[in-house]
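Now for the letters of each chain:
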Amino acid sequence: MKSDNEILRYSRYTFLFAHPDEEIYTCNFMTDLVREGKVVDIIYVTSGDYRGEKISKIREEEMFKAMKLIGILQSNIHLLRLPERGLIGQLKGVYIRILEQIKELGSDCVISHDFEGGHNGHDAVSFCASEAAKNLGIPFYTFPAYHNWPEERAFNQFVSPHEATYMKELDGNEVKLKRSVMLSHKTQKEFMDTIFDGSSKDIFFEREVLRKVKLPVDYTKPPTDPVGYEFPGSKVRFEDFKQAILSVS
């Protein structure tokens with residue numbers, strides 16, 4: 001694949017993540033931008049408070065350590081601290097907060113989660129990022145996190161027919177950085193181990209990929225069959241997500 005370097009031409013970038021630790025998917029790309037003198041802002045929509053406020057504070061501390069490794073100034077990290085459990089049910093308010101923050105930052109482009117059905121919170125943030133970019137008239141780029149059911153998760157790979165428009169191949173030092181960023185999130189060790197020990201390990205540490213979203217995304221249609229967060233035992237259904245995004249319109 002030949003990378004489209006248009007993504008490197010902006011001056012101010014905003015990365016929008018659903019939870020602390022999701023910088024693992026783009027950490028080397030972010031480091032490159034900082035070294036080039038670009039302004040890189042990071043917005044975390046939640047602090048990962050699914051298991052309570054205490055763990056969310058620890059996750060924030062872990063994230064700050066990871067961001068120091070990446071080279072992101074603390075002044076460029078913006079915590080919305082919206083409740084993770086209420087994200088879908090209050091999506092209109094979530095969208096307004098995200099839109100206001102991106103507008104205030106004066107971003108040239110937005111980079112966020114791809115629509116992939118791996119986590120309903122990821123998809124919710126992807127939808128909000130897409131709507132905000134459209135509202136502000138700025139480009140929207142996405143990165144892949146994961147899709148499929150937990151025991152079959154594919155990491156760092158776009159759901160077909162989505163294809164990368166930019167790819168950064170990682171050298172040895174960049175792989176070390178990615179590992180260090182991942183290991184900074186000690187509360188997420190079990191999750192990180194699914195990457196270290198999983199079938200996607202090689203591809204996860206080979207490259208970082210992004211794609212420019214050129215056509216409107218239909219968020220009302222499931223991106224995969226089955227949807228990754230509709231695994232047996234899960235109470236969250238795609239229909240819940242669909243009703244939430246329709247409430248924003």
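Everything numeric here is computed off the predicted structure, so don't read it as measured data. (Residues numbered from 1 in each chain as written. Predicted model: local features only at pLDDT ≥ 70, side-chain atom pairs only at ≥ 80, totals over all residues. Heavy atoms only, no water.)

**Q** Which residues make up the pattern of salt bridges, and what values go with them?
**A** Applying the stated criterion to the full structure yields 13 salt bridges. With a closest N to O distance of 3.2 Å, aspartate 21 and arginine 59 form a salt bridge. Highlighted residues: aspartate 21 in the loop between strand 1 (12–17) and helix 1 (27–35) and arginine 59 in helix 2 (residues 53–70), separated in sequence by 38 residues. For arginine 59, a relative accessible area of 8% gives the class buried. For lysine 178, the salt bridge identified is with glutamate 208, shortest N-O distance 2.8 Å. Taken as a pair, lysine 178 in helix 5 (residues 172–184) and glutamate 208 in strand 9 (residues 207–212) lie far apart in primary sequence, 30 residues in all. Among the charged side chains, a network of salt bridges with common partners joins Asp32, Lys168 and Glu174. (Salt bridge = Lys/Arg side-chain N within 4 Å of Asp/Glu carboxyl O. Helix = DSSP H or I, 4+ residues; strand = E, 2+ residues; numbered from the N terminus. Buried < 20%, exposed > 50% of the residue type's maximum accessible area, 1.4 Å probe, protein only.)

**Q** Requested: an account of the environment of phenylalanine 231, with residues and values cited.
**A** Positionally, phenylalanine 231 belongs in the loop between strand 9 and helix 8 (238–248). Under the relative-accessibility criterion, phenylalanine 231 is labelled partly exposed at 28%. C-alpha separation for the pair phenylalanine 231 and tryptophan 149, spaced 82 residues apart in sequence, amounts to 5.8 Å. If near-sequence neighbours (up to four positions away) are discounted, phenylalanine 231 is found in contact with Trp149, Pro150 and Arg237. (Contact = heavy atoms within 4.5 Å.)

**Q** I'd like a rundown of the sheet that holds strand 8 (residues 166–169), residues and numbers included.
**A** Taken in spatial order, the seven strands line up as 3-2-1-4-5-9-8 in an open sheet, and their pairing is mixed. Looking at which strands have only one partner, the edges of the open sheet turn out to be strand 3 (77–79) and strand 8. When strand polarity is set aside, the average angle formed by the axes of neighbouring strands in this sheet is 20 degrees. Judged from the four bridges that link them, strand 4 (residues 109–113) and strand 5 (residues 140–143) form a sheet pairing that is parallel. In the sheet register, isoleucine 111 faces strand 5, and the bridge partner there is tyrosine 141. Where helix 1 meets the sheet, it contacts strand 1, strand 2 (39–44), strand 4, strand 8 and strand 9, and its direction lies at approximately 155 degrees from that of strand 1. (Pairing = 2+ DSSP bridges. Axes fitted to C-alpha atoms, helices over the stretch in contact; angles between N-to-C directions.)

**Q** Tell me about the side chain of histidine 185, and please be specific about residues and values.
**A** Following the sequence through the fold, histidine 185 ends up in the loop between helix 5 and helix 6 (189–196). Aside from chain neighbours lying at most four places away, what touches histidine 185 is Pro20, Asp21, Glu23, Glu62, Met63, Ala66 and Met192.

**Q** Would you mind going over the side chain of aspartate 41 in detail, with residue names and values included?
**A** Looking at the element boundaries, aspartate 41 is found in strand 2. At a separation of 2.7 Å, a polar atom in the side chain of aspartate 41 contacts the side chain of arginine 12. Within the local environment of aspartate 41, its side chain forms a polar contact with the side chain of histidine 78, the two groups lying 3.1 Å apart. Apart from the residues within four sequence positions on either side, aspartate 41 is in contact with Arg12, Tyr13, Thr14, Phe15, Asn76, His78 and Leu105. (Polar contact = N/O pair within 3.5 Å; in protein donor to acceptor, adjacent residues only side chain to side chain.)

**Q** So what's going on with the packing of helix 3 (residues 91–105) against helix 8? Residues and values would help.
**A** A pair of packed helices is characterised by two quantities: the angle between their axes and the separation of those axes. Two elements in contact, helix 3 and helix 8, have axes whose closest approach is 8 Å; the angle formed by their N-to-C orientations is 55 degrees. Our classification of the angle between helix 3 and helix 8 gives oblique. Note on packing geometry: the crossing formed by helix 3 with helix 8 is right-handed. Where helix 3 approaches helix 8, its residues Leu91, Lys92 and Tyr95 are matched on the opposing element by Ala244, Ile245, Ser247 and Val248. (Parallel < 35°, antiparallel > 145°, perpendicular 65-115°, else oblique. Left-handed = near helix turned anticlockwise from the far one by under 90°.)

**Q** Help me get a handle on the packing of aromatic side chains, residues and values and all.
**A** Throughout the structure, instances matching the rule amount to 18 aromatic pairs. Ring centres of tyrosine 10 and tyrosine 141 lie 6.1 Å apart, and the angle between their planes is 65 degrees; on these two criteria the pair is classed as edge-to-face. Residue tyrosine 10 is found in the segment before strand 1, and its partner tyrosine 141 is found in strand 5; the two are separated by 131 residues along the sequence. Judged on exposure class, the residue tyrosine 10 and its partner tyrosine 141 are both buried. A network of ring pairs unites the aromatic residues Phe15, Phe17, Tyr25, Phe29, Tyr44, Phe143, Tyr166, Phe196, Phe204 and Phe205 as a single cluster. When the ring centre of tyrosine 146 is taken as reference, the NZ or CZ atom of arginine 153 above it lies at 4.2 Å. One cation-aromatic arrangement involves lysine 178 over phenylalanine 204; the distance from NZ or CZ to the ring centre is 5.1 Å. (Phe/Tyr/Trp six-rings, centres within 6.5 Å; stacked < 30°, edge-to-face > 60°. Lys NZ or Arg CZ within 6 Å of the ring centre and 35° of its normal.)

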